[in-house]
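Coordinate inspection notes
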Amino acid sequence: MAEKKPSKSTFTVKSGLARMLKGGVIMDVVTVEHAKIAEDAGAVAVMALERVPSDIRKQGGVARMSDPKLIKQIMKAVTIPVMAKARIGHFVEAQILEAIGVDYIDESEVLTPADEEHHISKHNFNVPFVCGCRNLGEALRRINEGAAMIRTKGEAGTGNVVEAVRQTHAVFREIKQLSEMNDSQIKKAAKEMRIPYELAKQVAREGKLPVVNFSAGGIATPADAALMMQIGVEGVFVGSGIFKSQNPAKRAKAIVEATTHFNNPDIIAKVSEGLGEPMTGLDVRSMPEAERMASRGI
Amino acid sequence: MKNVVGVLALQGDVSEHRVILERLGAATREVRLPKDLVEIDRLIIPGGESTTIGKLLVMYELLEPIKRLSKKGMPLWGTCAGAILMAKHVADGRPGQPTLALMDITARRNAFGRQLDSFVADIAVPAVGKKTLSVAFIRAPLFENPGKGVDVLATLPNGDIVAARQGNLLITSFHPEITGETAIHKYFLSL
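Summarised in this report is the structure supplied together with it.

Reading guide: rules and limits
- Residues numbered from 1 in each chain as written.
- Chains lettered and ligands numbered in written order.
- Predicted model: local features only at pLDDT ≥ 70, side-chain atom pairs only at ≥ 80, totals over all residues.
- Heavy atoms only, no water.
- Pairing = 2+ DSSP bridges.
- Helix = DSSP H or I, 4+ residues; strand = E, 2+ residues; numbered from the N terminus.
- Axes fitted to C-alpha atoms, helices over the stretch in contact; angles between N-to-C directions.
- Contact = heavy atoms within 4.5 Å.
- Buried < 20%, exposed > 50% of the residue type's maximum accessible area, 1.4 Å probe, protein only.
- Parallel < 35°, antiparallel > 145°, perpendicular 65-115°, else oblique.
- Left-handed = near helix turned anticlockwise from the far one by under 90°.
- Nonpolar A, V, L, I, M, F, W, Y, C, P; charged D, E, K, R; others polar.
- 1 Å grid on protein atoms, 1.4 Å probe; cavity = no way out; pocket = protein on both sides within 12 Å on 5 of 7 lines; lining within 4 Å.
- Points joined across faces, edges and corners; volume = space filled by probe spheres on them.
- Buried area = accessible area lost by both parts, 1.4 Å probe.
- Salt bridge = Lys/Arg side-chain N within 4 Å of Asp/Glu carboxyl O.
- Polar contact = N/O pair within 3.5 Å; in protein donor to acceptor, adjacent residues only side chain to side chain.

With that settled, consider the sheet that holds strand β4 (residues 82–87) of chain A. Residue and element names in this part refer to chain A. Spatial strand order, β8-β7-β6-β5-β4-β3-β2-β9: 8 strands in an open sheet with parallel pairing. Looking at strand neighbours, the two that pair on one side only are β8 (212–214) and β9 (236–238), the edges of this open sheet. Across this sheet, the average inter-strand angle for adjacent strands is 30°, counted without regard to direction. Bridging between strand β5 (residues 104–108) and strand β6 (residues 129–133) involves 3 bridges; their strand directions are parallel. Among the inter-strand pairings, Asp 106 is bridged to a residue of β6, identified as Val 130. Lying on the sheet, helix α5 (residues 91–100) is in contact with β4, β5 and β6; it crosses β4 at an angle near 160°.

Structure follows, in structure tokens:
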């Protein structure tokens, strides 16, 4: 009964999956075991990678796309969507991830950038991409390149939510400023952000990003997740925060519950009880610029 | 008569449904806890991850109350993940995945494959109107083995079932809310 040929990989289809993930928690996993724990805890998707950001930080060296074999094993082990990371600008890593059929690619500053000038031309791919941002300009440049979902970068692997908070406020503040501008001011802002006028105009008119907006980078507790939700993001990524804590299964479940009931302090209080030690946090202020992942790929 | 449409807001594309309902002039309410059910007279279970929503339905003691209300005749509509939660049988699900198990039909999870196989298509749903609807299938399920009393409302060209109704229960494997189609919401409000 279909009237015309179905269309795959359109913007609606790509951004549509992100809409289905809203109100949920996407968890970093490095093994099949982790992936099952995450799914059992109520994760809406998992991010398959070889090392969580805090280990990448500690061990140093070049961080690359994970072994496709590991990603395929994780895809087989769970029924929820599986995401995987490619290096910024590394379109061949992205081609590989598309070839093995991951559900979303994170073009991620957590890995060592492969191109210091260009991001991946994401319109060229059938698989959807999520990208990190620190402000509205970064978000809209990524969307203009074809990203179908946005997340704040935060400062990954620190267990410190301060950067995610700063960046999320920045995005919302800059959207508000844009929506208060007249046409010639929007033109100027679009030029400064290096994005097309039409995209800036759309954001000004709608008062929000044209794609789903999550938070990532430093979320370690149920309270952190609820904080980001109350500030106004639509879901959270938790990286090192779960599997670098004392009791991952319990913490994962608690973060899922706090994300759903982000406006209910009684529930957040209850799920925050007796979770054991969270991951060890890092002070972002004392971190040298070279160690900051968020300033990669702007 | 309260005439408020609840949208289960444990996880998923809640706001997309609310936007369409409000465009149609319906009052909406997000449902996260059993107390929210008191104030509604119909309920939509949105798209999302059925494993996540199912778990939270059990943890927050919503599963049994929703079953009871639907058995008393409250109209209930599940889109995609919501449909999986409403089907009596789930194929290719997580073993032991909690569901409402209300409708005499089988939902096959991720029946088309992974995200790369997601698509938008024009389909005919004669029960809701003459116009074809442009709808999104996102890692969508398919329905199989409809029982007695289940009406098939829409199929793909190959005959695969993508929408069905059994009395006050409505399921669609696709998302009219993502593409902004209002006809099925209108139909649901008339149940």
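Having put the structure on the table, let's press on.
This part is about the sheet that holds strand β7 (residues 119–123) of chain B. Strand order in the open sheet formed by 3 strands is β1(A)-β7(B)-β8(B), and the pairing between neighbours is antiparallel. At either end of the open sheet lies a strand with only one pairing partner, and these are β1 (7–8) of chain A together with β8 (133–137) of chain B. Taken together, the 5 bridges between β7(B) and β8(B) define a ladder with antiparallel strand orientation. Looking at the pairing, Ala121(B) lines up with Val135(B) of β8(B).

Attention now goes to the environment of Phe91(A). Residues and elements named next belong to chain A. Relative to the helices and strands, Phe 91 resides in helix α5. Classification of Phe 91 by relative accessible area gives partly exposed; the value is 48%. In the structure, Phe 91 is positioned 26 residues away from Met 65 in sequence and 11 Å away in space, judged by C-alpha atoms. In this structure, Phe 91 is in contact with Ile 120 and Phe 125, ignoring residues within four places of it in sequence.

What follows covers the packing of helix α10 (residues 222–231) of chain A against helix α12 (residues 248–260) of chain A. Residue and element names in this part refer to chain A. The contact between α10 and α12 brings their axes to 8 Å, and the two run at 25°. Judged by the inter-axis angle, α10 sits roughly parallel to α12. Both α10 and α12 take part in a crossing whose hand is right-handed. When α10 is examined against α12, the residues Pro 222, Ala 225, Ala 226 and Met 229 are found in contact with a partner set consisting of Arg 251, Ala 254, Ile 255, Ala 258 and Thr 259. Considered class by class, the residues forming the contact of α10 with α12 number 7 nonpolar, 1 polar and 1 charged.

Before going further, it helps to spend a moment on the layout of surface pockets. Here the largest pocket is characterised by a volume of approximately 870 Å³. Taken together, 39 residues form the lining of the largest pocket, with Arg19(A), Lys22(A), Glu234(A), Ser15(B) and Glu16(B) sitting closest to its centre. Residue assignment for the lining of the largest pocket shows that the elements contributing at least two residues are α1 (11–20), α7 (162–179), β8 and α12 of chain A together with α1 (14–23) and α6 (176–179) of chain B. Considering every element that reaches the lining of the largest pocket, the biggest residue donor is α1(B), with 8 residues. Partitioned by chemical class, the residues of the lining of the largest pocket number 16 nonpolar, 12 polar and 11 charged. In this model, the second largest pocket occupies a volume close to 230 Å³. Around the second largest pocket, the lining is made up of 14 residues, and of these Glu117(A), His118(A), His119(A), Arg142(A) and Ile298(A) lie nearest the centre. Counted by class, the lining of the second largest pocket contains 3 nonpolar, 3 polar and 8 charged residues.

Glancing now at the interface of chain B and chain A. Contacts between the two partners involve 44 residues from chain B, matched on the other side by 48 residues from chain A. In total, chain B and chain A occlude about 3,600 Å² of area from one another, counting both sides; carbon and sulfur atoms represent 58% of this. A per-residue breakdown of the area chain B buries against chain A is headed by Arg94(B), Arg114(B) and Leu116(B), which together make up 19% of the total. Taken together, the connections running from chain B to chain A amount to 7 salt bridges. Between Glu16(B) and Arg19(A) there is a salt bridge, and its shortest N-O distance comes to 2.8 Å. In this assembly, chain B and chain A are joined by 25 residue pairs in polar contact (both at pLDDT 80 or more). When residues of the side of chain B that touches chain A are traced back to their parent elements, those giving at least two are α1, α3 (50–59), β7, β10 (151–155) and α6 of chain B.

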